[in-house]
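# Structure at a glance
The residues making up each chain are set out below.
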Amino acid sequence: MASIFRPSASLDLRPKVICKKLSTRERFEFQKKSLRKERINIRFCSLKANKAQGSIEGISVVEEKQLNNKTDYGVVGVHHVGLLCENLERSLKFYQNILGLEINEARPHDKLPYRGAWLWVGSEMIHLMELPNPDPLTGRPEHGGRDRHACIAIRNVSNLKEILDKAGIEYTMSKSGRPAIFTRDPDANALEFTQV
């Protein structure tokens with residue numbers, strides 16, 4: 001999702017990036033480190049071996065740290081995305097039965113003045129809220145990438161494509177050619193699933 005925060009042009013907020021190959025033990029240590037309160041943003045990237053050119057094989061880590069500590073207010077990730085739905089049961093059939101997401105029972109379902117559900121997406125969540133949807137169901141761009149959308153990282157776009165085909169749910173593939181698929185939920189909320 002695009003950030004609405006636009007820093008001053010005088011600040012250099014580009015992350016410092018360090019890539020290196022790690023052993024299984026080193027990966028485990030980095031994972032433990034990333035769970036600490038003062039967490040650094042760590043991403044694991046698969047590397048493909050190219051024996052002809054002698055490239056490295058295995059897994060690398062991209063470690064990102066803020067260069068300018070004056071602007072570091074502790075961003076660690078996206079906690080949840082809120083999506084409006086007209087009928088909670090209809091939406092739950094899509095998110096649970098088609099996408100296979102599970103409800104986070106620890107979140108306050110009954111403390112809000114509207115019906116809703118919190119669904120796990122990895123370690124983050126989607127908050128479905130049963131409220132009048134101000135977005136029209138028709139006249140939206142055919143390709144969800146040209147509309148407001150939430151993006152979910154997945155391991156295999158082909159598997160999701162088979163699931164959507166079997167359920168008869170329309171989708172479009174990424175226009176850039178990268179492995180990503182766009183679809184809409186029953187309330188026309190656009191969802192992107194990108195393969196990482």
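Before reading further, recall that the structure is shown in the block above.
So, here is what we can say about the structure in this document.

Each value, and the rule that gives it
Residues numbered from 1 in each chain as written. Predicted model: local features only at pLDDT ≥ 70, side-chain atom pairs only at ≥ 80, totals over all residues. Heavy atoms only, no water. Buried < 20%, exposed > 50% of the residue type's maximum accessible area, 1.4 Å probe, protein only. Helix = DSSP H or I, 4+ residues; strand = E, 2+ residues; numbered from the N terminus. Pairing = 2+ DSSP bridges. Axes fitted to C-alpha atoms, helices over the stretch in contact; angles between N-to-C directions. Core = buried A, V, L, I, M, F, W, Y, C linked by side-chain atoms within 4.5 Å. Contact = heavy atoms within 4.5 Å. Polar contact = N/O pair within 3.5 Å; in protein donor to acceptor, adjacent residues only side chain to side chain. Salt bridge = Lys/Arg side-chain N within 4 Å of Asp/Glu carboxyl O.

## A look at the pairing of strand 6 (residues 124–130)
Counting buried positions along strand 6 yields six of seven residues, so the element is predominantly enclosed. Across six bridges, the pairing between strand 5 (residues 116–121) and strand 6 is antiparallel. Residue pairing across strands places G116 opposite M129, the latter belonging to strand 6. Counted between consecutive antiparallel strands, the loop separating strand 5 from strand 6 contains two residues, among which G122 sits at a positive phi close to 65°.

## Digging into the pairing of strand 7 (residues 149–154)
Regular strands place their side chains on alternate faces of the sheet. Side-chain alternation along strand 7 places A150, I152 and I154 on a buried face and H149, C151 and A153 on a face that remains uncovered. Bridge analysis of strand 7 against strand 10 (residues 190–195) gives six bridges, and the strand direction is parallel. Its bridge partner lying in strand 10, A150 is registered against L191.

## Re the sheet that holds strand 9 (residues 180–184)
Pairing is mixed across the open sheet formed by four strands, whose spatial order is 7-10-9-8. Edge positions in the sheet fall to strand 7 and strand 8 (171–173), since each has one partner strand and no second. Pairwise comparison of adjacent strand axes, ignoring direction, gives a mean angle of 20° for this sheet. Bridging between strand 9 and strand 10 involves five bridges; their strand directions are antiparallel. Considered in strand 10, the bridge of A180 is made with T194.

## Focus on the nonpolar core
Nonpolar side chains in soluble globular proteins generally cluster together in the buried interior. Y95, L99, I126, L128, L191 and F193 are the most contacted members of the largest nonpolar core, which has 24 residues in total. Secondary structure elements with two or more residues in this core: strand 4 (80–85), helix 2 (88–98), strand 5, strand 6, strand 7, helix 3 (157–167) and strand 10. Looking at which element gives the most residues to this core, the answer is helix 2, with four residues. Ignoring anything within four residues of it in the chain, the contact list for L128 reads L83, C85, L88, S91, L92, Y95, R115, G116, A117 and L119.

## Description of the side chain of E130
Turning to its location among the elements, E130 is positioned in strand 6. A distance of 2.8 Å separates a polar atom in the side chain of E130 from the backbone nitrogen of L88. With residues near it in sequence (within four places) discarded, E130 still touches C85, E86, N87, L88, E89, Y114 and R115.

## Things to note about the pattern of salt bridges
Under the criterion given, the structure shown has eight salt bridges. Residue R115 is joined to E130 by a salt bridge in which the shortest nitrogen-to-oxygen separation is 3.0 Å. Linking R115 in the loop between helix 2 and strand 5 with E130 in strand 6, this pair joins segments that are 15 residues apart in sequence. Of the charged contacts in the structure, one is a salt bridge between D147 and R184, with a shortest N-O distance of 3.0 Å. With D147 in the loop between strand 6 and strand 7 and R184 in strand 9, this pair connects stretches of sequence that are 37 residues apart. Both residues of the pair, D147 and R184, belong to the buried class. Overlapping salt bridges, with partners in common, bring together E86, R90 and D187 in one network.

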